[in-house]
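Tertiary structure, described
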Amino acid sequence: MGANTKGQIKGDTELNIYGGTLGSTSKTIEIYGAGYGASTSVVGKTSINLMDGVIYGNIYGGGNSGTVTTSSNIDIQGGSLNGNLYGAGNKVGVATSNIAVKRTPIINGNIYGGSNASGTTTTSNVNIEGTVANNVYAGGKGSGTTVTTANLNINTGADIKGNAFSGAEEGAVSASNIKLNGGKANSVFGGSDKASISGAVNIESSTGSFAKNIYGGCNSSGSIGSLSMNLAGKADNVFMGGNATPTDTIDITGEAKIDVTTNDSNNIGNIYGGSNSTGSVTSPAINISGYVTNVYGGGKGSSTTTNTPNVTIKSGGHVTGSVYGGGEEGITHGTTVTLDDGSIVNDAFAGGNKVGVDGTVAIIASTGSKANNIYAGSNNSGTMDKPTVTIKGEEENVYGGGYGADTITNDSVVNVETGSEITGSVFGGGNLGQVKNPMVNLNGGTVNNAFAGGNAVGVTVTGNVALNVKDGVTATNIYGGSNSSGNVDNPSLSVKGGNITNIYGGGFGGASNDGNNGTITSNPNITIENGTIDSVYGGGERGVTTGNNTISVTGGTLTNIYGGGNNAQAENTVINLNNTTGSITNVYGGCNNTGTVQSSKIYIDGTITTVFGGGKGEQTLVKESYAKTEASAKVTDIYGGSENGIVTNATLVVHGPVEGSIYGGGLGETSVMKGDTWVYVSNDVNGNIYGGGNKGKVVGNTHVGLASGTIGTESDDATGNVFGGSNQAKVEGNTLLHIGSYVVKA
């Protein structure tokens, strides 16, 4: 609409197309808002309005080479365009280009806010409210084009079937802005297709908008200077990086940040801090205050790299799937996941979905956060080293390892802090994965179950396995082993305070008829310095323990101590009692309800009410029991046998005073001693001494050796007796009594 080779139009130009057919498939035309030659110009603005009709060819808001001083304006409201639409010219830019696509025109080409082959446009504004079959670019097409500031608005009614770029196809762009204001698009790019954006990229989406994919970076090549995303609209996938840029490309050279405020009906499917198939991103910050299915700190493809992502689920953030510190399959170096007060998460992983994370790795669940499961490891596969999990909120389960059987986690640390509430269980190990050297620190809060080991079938926990409990903790059950199955070697349980119902050196689960071997824990070691505890078991609840179960107590208030398990087998048990503070009511060398112990040893240098060398229940068995008290120890009653179960042979060495009586056998009628008893005494006994039991019979022989001490009290005539037999039961073998200093102190 301008001049041909030279000339100037001092006003405006305007072209209105209301119908007809311009050009053909065999002979296309070019429509320009300004002149053809480089010496032509339009001082005012250009306007092209397509209301109806069919055009075969391209439309340019500017000229071929002629300039436009103010602005070019293209308004498409109908008709059919079988070509490309350029806001600027072919070989020249404009100061400001404005493109508006409304209603239901048919556009079978691409839309560019800039020029075609070359030229600089200061500002491009592309507003889409209709259907576009192909791609939309806020920038130009060719590598010789430049747009200083490119703006793309995808408004209500827009339907871009192709891709939407706030950058260019191959041209340069200094800064870009893209807004999804209720419209929809296939894939949206903050960057360009094959070129870089040197400055800032801003992406916004509002409620009611939709994009299948949103990329902060470029498509096939190029980088952007910085990225800011503010998303309230729906999307299937969001990538802070690009799509398929070269593997050595840094997709974002500066700051990268995303803020998500979607509601439930505008949920975003997947958010990645990294790129899609290739490319790298450094230090992306992901802030979720809305609804998202999955969040990844890293990228999707295995050829992506993401450095030190920071993922924060803020108040109001709902992640219905999983939060990953790492990528789906992409490489991630270092990561931090924070669950803020008011956040709700299904699962959170320090690692990725099918890959681990190296470097410094941490998950922090703040006070007021809620999560179903938190893992220090990865989901399906991947190796993690030295991840740290800190819990201050309300979580169901917390794992020091990963979920899947192919995950490996080394040197994980789980810290449960004051104010936290674990409604399910905390594990040093993983769900199904392998874990080495895990540590669980219960520093405060309320915990239902805590396992030094892992959860399910196939779990192996090795190395230095530690679970530490400090004062201020309230816990129901603490286990040195695993939950349903799996092996744990040499777990160490250290208790320095807290209110605890049960402590088990072994695991929860036992063998079942479906082929599950249950939990097997070897050489558990329990050390108690303080705390209020109902029952301590050297063995498992139902899980088998092998080697030595060791319990050492120096303080605290304890009701029951069992060297064996609750309903579980054990090999050898060792109990060391040096409690100078607090109190211990009952001590059993064997198990509680059922279970066999090969050998039990109890060493006492503290204050105990009742001691049994055997177990408690009728179905317990201890083959060899041994109990010894030091001169400074104080015991009320001591039995070499069990409360109600069976012991084969028992030995008691009593160097400390006894306020009640000493029995070589057991307490109840079912507490049978199948073999022999040996009782050695070298201190005062206020009650009586029996080589046999109270009501339990002795099948073998009894031996009583009294080296020194006063037996009985003057005020009680029922005391002061030494019996080779039992109190109310028979001894089927022989009784032997030695009195005098010649008895060797054992």
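Residue positions are given per chain, counting from 1 as you read along its sequence in written order. Where totals are concerned, whole chains, interfaces and linings use all residues; where local detail is concerned, this predicted model gives features only for residues with pLDDT of at least 70, and gives and counts side-chain atom pairs only at 80 or more. As a convention, hydrogens and water are excluded, and side-chain values are obtained from all of the structure's heavy atoms.

1. What to know about the sheet that holds strand β46 (residues 460-462)
The line we're drawing: By the convention used here, strands pair only if DSSP detects at least 2 bridges between them. Helix numbers and strand numbers start at the N terminus; a helix is a DSSP run of H or I with at least 4 residues, a strand a run of E with at least 2. Throughout, an axis means a line fitted to C-alpha atoms (over the contacting stretch in the case of helices), and angles, computed between N-to-C directions, take values from 0 to 180 degrees.
Spatially, β37-β40-β43-β46-β49-β51-β53 is the arrangement adopted by the 7 strands of the open sheet, whose pairing is parallel. The outermost strands of the open sheet, each flanked by one partner alone, are β37 (381-385) and β53 (544-546). Going from strand to strand, the sheet's axes swing by 10 degrees on average, the running direction of each strand aside. Both strand β43 (residues 434-436) and β46 contribute to a ladder of 2 bridges, which runs parallel. Each residue of the ladder has a partner; that of valine 435, found in β46, is valine 461.

2. Overview of the environment of glutamate 571
Keep this limit in mind: Relative accessibility thresholds used throughout: buried, under 20% of the residue-type maximum; exposed, over 50%; partly exposed, between the two (1.4 Å probe, protein chains only). Contact definition: two residues touch when any of their heavy atoms are within 4.5 Å. Polar contacts, as counted here, are pairs of nitrogen or oxygen atoms within 3.5 Å of one another; within protein the pair requires one atom able to donate a hydrogen and one able to accept it, and residues that are adjacent in sequence qualify only if both atoms are side-chain atoms.
Secondary-structure assignment places glutamate 571 in strand β56 (residues 570-577). Judged by relative accessible area, glutamate 571 falls into the partly exposed class, the value being 34%. Linking glutamate 571 and leucine 467, residues 104 residues apart in sequence, is a C-alpha distance of 22 Å. Beyond its immediate stretch of four places on either side in the chain, glutamate 571 contacts Thr545, Thr546, Gly547, Val597, Gln598 and Ser599. Here glycine 547 takes part through its backbone nitrogen, which lies 2.9 Å from a polar atom of the side chain of glutamate 571.

3. Structural notes on the packing of aromatic side chains
Condition: Two aromatic rings from Phe, Tyr or Trp, using only the six-membered ring of Trp, form a pair when their centres are within 6.5 Å; if the ring planes differ by under 30 degrees the pair is stacked, by over 60 it is edge-to-face, and anything between is tilted.
Within the structure shown, the criterion is met by 29 aromatic pairs. Residues tyrosine 32 and tyrosine 60 carry aromatic rings whose centres are separated by 4.7 Å and whose planes lie at 15 degrees to one another, so their mutual orientation is stacked. Of the two residues, tyrosine 32 is situated in strand β3 (residues 29-32) and tyrosine 60 in strand β5 (residues 46-60); the sequence distance between them amounts to 28 residues. The exposure classification of tyrosine 32 matches that of tyrosine 60, with both residues buried.

4. A word on the side chain of threonine 40
Secondary-structure assignment places threonine 40 in strand β4 (residues 39-42). Using a relative accessible area of 1% as the deciding quantity, one classes threonine 40 as buried. Within the structure, threonine 40 has its side chain in polar contact with the backbone oxygen of glycine 37 (distance 2.6 Å).

5. What about the side chain of histidine 655?
Counting through the fold element by element, histidine 655 comes out in the loop between β62 (646-654) and β63 (662-663). In this structure histidine 655 comes out as buried when scored by relative accessible area, which is 14%. Reaching out from histidine 655, the side chain makes a polar contact with the side chain of serine 682 at a distance of 2.7 Å.

6. A closer look at the pattern of salt bridges
Side chains carrying opposite charge are able to pair once their charged atoms draw close together. Inclusion rule: A pair is scored as a salt bridge if a Lys or Arg side-chain nitrogen falls within 4 Å of a carboxyl oxygen belonging to Asp or Glu.
Within the structure shown, the criterion is met by 6 salt bridges. A salt bridge links lysine 257 to aspartate 259; the shortest N-O distance between them is 4.0 Å. The residue glutamate 732 makes a salt bridge to lysine 730 at a minimum N-O spacing of 3.8 Å. Linked through salt bridges whose partners overlap, the residues forming this network are Lys697, Lys730 and Glu732.

7. Some thoughts on the sheet that holds β4
As summarised here, the arrangement of the 3 strands in space is β1-β4-β6, forming an open sheet in which the pairing is parallel. Every other strand in the sheet has two partners, leaving β1 (6-9) and β6 (67-68) as the edge strands with one partner each. Pairing of β4 with β6 involves 2 bridges; the strand directions are parallel. If you follow serine 41 over to β6, its bridge partner there is threonine 67.

8. Quick word on the environment of lysine 697
Within the secondary structure, lysine 697 is located in the loop between β65 (689-690) and β66 (702-706). Sequence spacing of lysine 697 and isoleucine 55 is 642 residues, and the spatial spacing of their C-alpha atoms is 110 Å. Residues in contact with lysine 697, not counting those within four places in the same chain, are Ser671, Val672, Met673, Ala729, Lys730 and Glu732. At 3.3 Å, the side chain of lysine 697 forms a polar contact with the side chain of glutamate 732.

9. Focus on the pairing of strand β32 (residues 318-324)
Two faces, one strand: in a regular strand the side chains alternate between the faces of the sheet. Counted residue by residue, β32 has 6 buried out of 7 residues, so it is predominantly covered. Examined bridge by bridge, strand β29 (residues 291-296) and β32 share 5 bridges and lie parallel to one another. Considered in β32, the bridge of asparagine 294 is made with serine 322. One ladder, built from 5 bridges, connects β32 with strand β34 (residues 344-349); its direction is parallel. Bridge pairing in β34 places serine 322 opposite aspartate 347.

10. A closer look at the environment of glycine 590
Residue placement: glycine 590 occurs in the loop between β57 (583-588) and β58 (594-604). Under the relative-accessibility criterion, glycine 590 is labelled buried at 0%. The sequence separation of glycine 590 and asparagine 566 amounts to 24 residues, and the corresponding C-alpha distance is 9.2 Å.

11. Some thoughts on the pairing of β56
Here strand β54 (residues 548-553) pairs with β56 via 6 bridges, running parallel. Paired with valine 553 across the two strands is leucine 577, which belongs to β56. Where β56 meets β58, 7 bridges bridge the pair, whose relative direction is parallel. Within β58, the position partnered with alanine 570 by the bridge is valine 597.

12. Thoughts on unusual backbone geometry
Across the chain, the bulk of peptide bonds are trans and the bulk of non-glycine residues have phi less than zero. Unusually for a residue other than glycine, aspartate 411 sits at a positive phi of about 60 degrees. By the element assignment, aspartate 411 lies in the loop between β40 (406-410) and β41 (413-416). The partly exposed category is assigned to aspartate 411, whose relative accessible area is 30%. Residue asparagine 523 is not a glycine yet carries a positive backbone phi of 50 degrees. When you line up the elements, asparagine 523 lands in the loop between β51 (519-522) and β52 (525-537).

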